[in-house]
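These are the residues of each chain, in order.
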Amino acid sequence: MAKVLQYATVTGADERTDIDWMLEMSLKYSFLEWGLLVGSRLGPRYPDWYWIRKVLHRFADQQVVANFSLHLCSAPLRLLFGGEVTVGSVFVDSLGDALLEFDRIQLNCSVYPYSEDDKLRTARRLHDHFLQHAAPVPEVIIQQGSRPLDFQRLVGVPKLSVLFDTSGGRGLSGYTPAGRPGVKCGWAGGLSANRLVER
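Because the structure is a prediction, the values reported are computed rather than measured.

**Student:** What am I meant to see in the overall build of the chain here?
**Tutor:** Within the chain, the secondary structure is distributed over six helices and seven strands. From first element to last, N terminus to C terminus, the chain shows the α and β order β-α-β-α-β-α-α-β-α-β-β-β-α. Carbon together with sulfur atoms contributes 53% to the accessible area of the chain, which is approximately 11100 Å² in total.

**Student:** Just to check I follow, could you spell out the pattern of salt bridges for this structure?
**Tutor:** A pair can form between side chains of opposite charge whenever their charged atoms are brought close. Tallied over the full model, the rule gives six salt bridges. Between Asp20 and Arg58 there is a salt bridge, with the nearest N and O atoms lying 2.4 Å from each other. Within this pair, whereas Asp20 is found in helix H1 (residues 19-28), its partner Arg58 is found in helix H2 (residues 49-61), the two being separated by 38 residues in sequence. Overall, the relative accessible area of 26% leaves Arg58 in the partly exposed class. Three or more residues are tied together by salt bridges with common partners; here these are Glu33, Arg104, Glu139 and Lys184.

**Student:** Just to check I follow, could you spell out the packing of H1 against H2 for this structure?
**Tutor:** Working note: a packed helix pair is described by the angle between its axes plus the distance between those axes. Between H1 and H2, whose axes approach to 11 Å, the crossing angle comes to 45 degrees. Classified by the interaxial angle, the pair formed by H1 and H2 is oblique. In terms of crossing hand, the pair formed by H1 and H2 is right-handed. Contacts between H1 and H2 pair Ile19, Asp20, Met22, Leu23 and Ser26 from the former with Trp51, Lys54, Val55, Arg58 and Phe59 from the latter. For the contact of H1 with H2, a count of residues per class yields six nonpolar, one polar and three charged.

**Student:** Explain a nonpolar patch on the surface to me, please; I cannot follow it from the model alone.
**Tutor:** A grouping of Leu5, Tyr29 and Phe31 is seen on the molecular surface, where their side chains present a nonpolar patch of about 290 Å² in accessible area. Tracing the sequence through the fold places Leu5 in the segment before strand S1 (8-11). Judged by relative accessible area, which is 58%, Leu5 ranks as exposed.

**Student:** Please clarify how the sheet that holds strand S7 (residues 184-187) should be interpreted in this entry.
**Tutor:** Sheets are built from strands paired through backbone hydrogen bonds, the pairs being either parallel or antiparallel. Taken in spatial order, the seven strands line up as S1-S2-S3-S4-S5-S6-S7 in an open sheet, and their pairing is parallel. Lying at the two open borders of the sheet, with one neighbouring strand each, are S1 and S7. Here the average twist between neighbouring strands, direction ignored, is 30 degrees. With respect to the sheet, helix H5 (residues 116-132) is in contact with strand S4 (104-107), strand S5 (139-144) and strand S6 (160-164), its orientation differing from that of S5 by roughly 160 degrees.

**Student:** What's the story with the packing of aromatic side chains in this structure? I'm lost.
**Tutor:** The relation between two aromatic rings is expressed through the spacing of the ring centres and the mutual angle of the planes. All told, the structure shown has seven aromatic pairs when counted by the stated rule. Between Tyr112 and Tyr114 the ring centres are 5.6 Å apart and the planes differ by 40 degrees, which places this aromatic pair in the tilted class. Each member of the pair, Tyr112 as well as Tyr114, is classed as buried. What links up through ring pairs into an aromatic cluster is the set Phe59, Phe68 and Phe102. Directly above the ring of Tyr7 sits Arg104, whose terminal nitrogen or CZ lies 4.0 Å from the centroid.

**Student:** How do you make sense of the side chain of Thr17 when you look at a structure like this?
**Tutor:** Relative to the elements of secondary structure, Thr17 occurs in the loop between S1 and H1. The contacts of Thr17, once residues within four sequence positions are left out, are Met22 and Trp51.

**Student:** Whenever I open this one, H1 confuses me. Can you help?
**Tutor:** Residues three or four positions apart in an α-helix share a direction because the helix packs 3.6 residues into each turn. Ile19, Met22, Leu23, Met25 and Ser26 are the residues of H1 that are buried. The buried residues of H1 occupy an angular sector of 165 degrees when projected down its axis, which confines them to one face. In H1, those exposed residues whose orientation departs by more than 90 degrees from the buried face are Leu27 and Lys28. For H1, the elements touching its buried residues are strand S2 (32-38) and H2. Regarding H1, its N-cap is Asp18, as a side-chain oxygen of that residue lies 2.9 Å from the backbone nitrogen of Asp20 further along.

**Student:** So what exactly am I meant to see when it comes to the nonpolar core here?
**Tutor:** Formed by 46 residues in total, the largest nonpolar core has its most connected members in Trp51, Ile52, Phe59, Phe68, Phe102 and Leu107. Each residue touching Ile52, except ones within four places of it in the same chain, is listed here: Leu36, Val38, Pro47, Leu95 and Phe102.

What counts and what doesn't
The written sequence of each chain sets the order in which its residues are numbered from 1. Where totals are concerned, whole chains, interfaces and linings use all residues; where local detail is concerned, this predicted model gives features only for residues with pLDDT of at least 70, and gives and counts side-chain atom pairs only at 80 or more. Excluding hydrogens and water, the side-chain figures rest on all heavy atoms present in the structure. Strands are runs of DSSP state E lasting at least two residues, helices are runs of H or I lasting at least four, and both sets are numbered from the N terminus onward. What sets the accessible areas is the Shrake-Rupley method with a 1.4 Å probe; for residues, cover comes only from the shown protein chains. Any Lys or Arg side-chain nitrogen located within 4 Å of an Asp or Glu carboxyl oxygen qualifies as a salt bridge. Relative accessibility decides the category of a residue: with a 1.4 Å probe and only protein chains considered, values under 20% of the type maximum give buried, values over 50% give exposed, and everything between is partly exposed. For helices, the fitted line uses only the C-alpha atoms of the stretch in contact; every axis is such a line through C-alpha atoms, and the angle between N-to-C directions lies from 0 to 180 degrees. When describing relative orientation, an angle under 35 degrees is termed roughly parallel and one over 145 degrees roughly antiparallel, while 65 to 115 degrees is termed roughly perpendicular and anything else oblique. Crossing handedness follows the turn of the near helix against the far one: under a right angle anticlockwise gives a left-handed crossing, and clockwise gives a right-handed one. Residues are treated as being in contact if the distance between any of their heavy atoms lies within 4.5 Å. Put simply, Ala, Val, Leu, Ile, Met, Phe, Trp, Tyr, Cys and Pro go in the nonpolar bin, Asp, Glu, Lys and Arg in the charged bin, and everything else, Gly too, in the polar bin. Each patch is assembled from residues with relative accessible area greater than 30% and no salt bridge, linking like charges that lie within 9 Å and nonpolar side chains (Val, Leu, Ile, Met, Phe, Trp, Tyr) that lie within 5 Å. Strands were regarded as paired on the criterion that DSSP finds at least two bridges between them. Paired rings are identified among Phe, Tyr and Trp, the last through its six-membered ring, by centres lying within 6.5 Å, and are further divided according to the angle between planes into stacked (under 30 degrees), edge-to-face (over 60) and tilted (the rest). Two conditions define a charge located above a ring, namely a distance within 6 Å from the ring centre to NZ of Lys or CZ of Arg, and an angle within 35 degrees of the ring normal. The directions considered for the arc run from the helix axis to the C-beta atoms. Two N or O atoms form a polar contact when they lie within 3.5 Å of each other; inside protein one atom must be a possible hydrogen donor and the other a possible acceptor, and for residues adjacent in sequence the pair counts only when both atoms belong to side chains. Among buried residues, the Ala, Val, Leu, Ile, Met, Phe, Trp, Tyr and Cys ones that are joined through side-chain atoms within 4.5 Å form a nonpolar core.

This is how it looks when you write it as structure tokens:
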């Protein structure tokens, strides 16, 4: 049976990205997903909260249905995994109702030595936050590097998927392990702005 591509994620849009172009691309390609990065720093590929809200509001104003994922990196990610902050203080205080526009939240945790228990616990914290506020529960994506993964722990966990990614946004390919039945999987790497032009 042929596998269906659900998402093709373009990650790293920031204040330099033309929002009108994003709107145009989303109208043209329904499977396109915009991955917006949030980390310790601002700058290339890491927009501020104001710009993220601006993008979401523009799409809503234009009534363009699009796919968005919020990618949590570095210090905010570590605080969330450590249980030192609530989900609300990481996301809601910065995005407000705009948080509900994200279909998926990605935990960019492949460079950290978190166990499957850590990852599942953090994913459940995210799910619980939305359930407690009677809001649609986003899918949580666990970014996985080249370390072995205990797939059996993830089988049947709702609203959870795994992204195999050793590229880290550098357009590198090479690590493409097979998925497993019962676990939704994705693969990253191999595409960059220059390589998209080439292809």
